[in-house]
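What follows is the residue order along each chain.
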Amino acid sequence: MSKVTVLVAVYNAEAWLSRCLDSLLAQTLPDIQIVCIDDASTDHSLQLLQQYAERDARIEVIVLGENHGQAFARNQGLKKAQGEYVCFLDADDWLSPNALASAVAVFESHSETDSVLFQVDIVNPDGVERLPLPEFEVLTGHEAFLKSIDWQLHGIYMVRTALHQRFPYDDSCRWFSDDNTTRIHYLHSREVRPCSGVYLYFQHPESTSHAVSVHRFDRLRAAESMKEQLQRANASHEVMCEWEVQRVLVLVECYRFYYEKGHQLSPADRRQGLQKMQQFRSSIDRSMLKSPKVHKFGYRLMPSWWLFRCQEWLYFTLRGLFGKNTY
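The structure presented is a predicted model; accordingly, all values stated were derived computationally and were not measured.

By the bridge criterion, three bridges tie strand β4 (residues 85-88) to strand β9 (residues 157-160) in an arrangement that is antiparallel. Considered in β9, the bridge of tyrosine 85 is made with arginine 160. In this sheet, β9 lies alongside strand β6 (residues 113-124) in antiparallel orientation, the contact comprising three bridges. Its bridge partner lying in β9, leucine 117 is registered against tyrosine 157.

Once that is clear, we can look at the pairing of β6. Within β6, eleven of the twelve residues are buried, which leaves it mostly tucked inside the rest of the structure. Alignment of β6 against strand β10 (residues 191-202), held across nine bridges, turns out to be parallel. Looking at β10, one finds that serine 115 is bridged to valine 192. In terms of strand pairing, β6 meets strand β7 (residues 127-130) through four bridges, oriented antiparallel. The residue bridging isoleucine 122 from the neighbouring strand is glutamate 129, located in β7. Between β6 and β7, which follow one another and run antiparallel, lie two residues.

Formed by 55 residues in total, the largest nonpolar core has its most connected members in Val4, Val8, Leu100, Phe118 and Met158. Among residues more than four places away in sequence, those in contact with valine 8 are Cys20, Leu24, Ile34, Val35, Cys36, Ile37, Leu89 and Ala91.

A word on the pattern of salt bridges. Here the structure, examined in full by the defined rule, presents 17 salt bridges. In this structure, the salt-bridge partner of arginine 74 is aspartate 178, at a minimum N-O distance of 3.6 Å. Of this pair, arginine 74 sits in helix α3 (residues 70-78) while aspartate 178 sits in helix α7 (residues 178-187); the two residues are 104 residues apart in sequence, bridging distant segments of the chain. Accessibility assignment for this pair places arginine 74 and aspartate 178 in one class, buried. Glutamate 224 is the salt-bridge partner of arginine 247, the closest N and O atoms lying 2.4 Å from each other. Residue arginine 247 is found in helix α9 (residues 237-261), and its partner glutamate 224 is found in helix α8 (residues 218-232); the two are separated by 23 residues along the sequence. Residue classification places arginine 247 among the buried positions, given a relative accessible area of 0%. Salt bridges linked by common partners bring Glu112, Asp114, Arg160 and Arg190 together as one network.

Of the residues making up helix α1 (residues 17-25), those classed as buried are Leu17, Cys20, Leu21, Ser23 and Leu24. The arc that holds every buried residue of α1, seen down its axis, measures 155°, which confines them to one face. Where α1 is buried, its residues contact β1 (4-10), β2 (32-38), α2 (45-55) and β5 (94-95).

With that settled, consider a nonpolar patch on the surface. On the surface, Phe297, Trp313, Leu314, Leu318, Leu321 and Phe322 cluster together into a nonpolar patch covering about 670 Å² of accessible area. Mapped onto the secondary structure, leucine 314 falls in helix α11 (residues 305-321).

Following the criterion strictly, the structure yields zero disulfides and no others. We note that cysteine 87 lacks a disulfide partner, and the nearest cysteine sulfur, in cysteine 195, lies 9.7 Å from it. Its sulfur unpaired, cysteine 310 is 19 Å from the next cysteine sulfur, which belongs to cysteine 254.

Taken as a whole and judged by the stated rule, the model has 13 aromatic pairs. Ring geometry for phenylalanine 297 and tyrosine 315: centres 5.7 Å apart, planes at 85°, overall edge-to-face. Of this pair, phenylalanine 297 sits in the loop between α10 (267-282) and α11 while tyrosine 315 sits in helix α11, placing them 18 residues apart in sequence. In this structure phenylalanine 297 comes out as partly exposed when scored by relative accessible area, which is 36%. One aromatic cluster is present, formed by Tyr259, Phe297, Tyr299, Tyr315 and Phe316 through successive ring pairs. Sitting over the face of the ring of phenylalanine 202, arginine 19 holds its NZ or CZ atom 4.8 Å from the ring centroid. Directly above the aromatic system of tryptophan 175 lies the positively charged group of arginine 174, at a separation of 5.5 Å from the ring centroid.

What follows is about the packing of α9 against α10. For the pair α9 and α10, interaxial distance at closest approach is 11 Å and the crossing angle is 160°. Looking at the two axes, α9 sits roughly antiparallel to α10. Crossing of α9 against α10: the hand is left-handed. Contacts between α9 and α10 involve Arg247, Leu251, Cys254, Tyr255 and Tyr258 from the former and Arg270, Leu274, Met277, Phe280 and Arg281 from the latter. Per-class residue counts for the contact of α9 with α10 are seven nonpolar, no polar and three charged.

Quick notes on the rules
- Residues numbered from 1 in each chain as written.
- Predicted model: local features only at pLDDT ≥ 70, side-chain atom pairs only at ≥ 80, totals over all residues.
- Heavy atoms only, no water.
- Pairing = 2+ DSSP bridges.
- Helix = DSSP H or I, 4+ residues; strand = E, 2+ residues; numbered from the N terminus.
- Buried < 20%, exposed > 50% of the residue type's maximum accessible area, 1.4 Å probe, protein only.
- Core = buried A, V, L, I, M, F, W, Y, C linked by side-chain atoms within 4.5 Å.
- Contact = heavy atoms within 4.5 Å.
- Salt bridge = Lys/Arg side-chain N within 4 Å of Asp/Glu carboxyl O.
- Arc of directions from axis to C-beta.
- Patch = residues over 30% accessible without salt bridge, like charges linked within 9 Å, V, L, I, M, F, W, Y side chains within 5 Å.
- Areas by Shrake-Rupley, 256 points an atom, 1.4 Å probe, with all protein chains shown as cover.
- Disulfide = S-S within 2.5 Å.
- Phe/Tyr/Trp six-rings, centres within 6.5 Å; stacked < 30°, edge-to-face > 60°.
- Lys NZ or Arg CZ within 6 Å of the ring centre and 35° of its normal.
- Axes fitted to C-alpha atoms, helices over the stretch in contact; angles between N-to-C directions.
- Parallel < 35°, antiparallel > 145°, perpendicular 65-115°, else oblique.
- Left-handed = near helix turned anticlockwise from the far one by under 90°.
- Nonpolar A, V, L, I, M, F, W, Y, C, P; charged D, E, K, R; others polar.

Take a look at the structure:
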């Protein structure tokens, strides 16, 4: 049994894959299992994975015949996990040499800790920037969940394998739903702590999160899936109310994408996006919206869908005039 299993989902990542795998092979913690899942790549990613697997027995390769998306791919790797702890590493990212050892040291010093956050450096053409974390030594799972709702607490971490296998990645959507898994892990953790190991997150314009696509509206379905999981977990009323507020914020964010980038979508995709937003809005429980965040201009649900659309058009028009729109 390995100490740590690292899940690497790979799709057309040959340009960055060597950097990713080299960072894993250079870890100061040698007792690791590296499970790479090729999600039906059409470039030379699979051949590169196989070459690395021949060089180092710690690397295992799973080959998917069809492309299913990151969450599904990671779940296939999770089934093979033999480590006491699990983390992921995206194929275009990499780790500092002590990252895994640093996280494991926290687990082994604190027997009640179930999730350990890495430090995150965002790497872009302009340089490297440390993603801020609130200062803390330890949080309860409840506290960590609440801070993860608006990503005060990011989702790049190591978790006990037993907890992860109890709650595998949410693959209800092709994109965005895997964020739900982070929040569920935090909610069910006894303790959440940080470590000093660094995850280097590479931002590039080709990533899914930057693409102009109708799939951006999958955030709505992902937010609904999160609500369903919280209900099944018998989450507290406070947690459910906080998430209902977050669903309003997700709706407004999706409308901002529609307002700023909708002209780049096909007419059919624009109609689909509007339909999804209208249905999503009608499913929100207004009685749970106690936060002032959703009672200010731009965030009110309004009495009707058309009034909501008028509000959003005016809100984002005014933001644009003041240079505050960022898509």
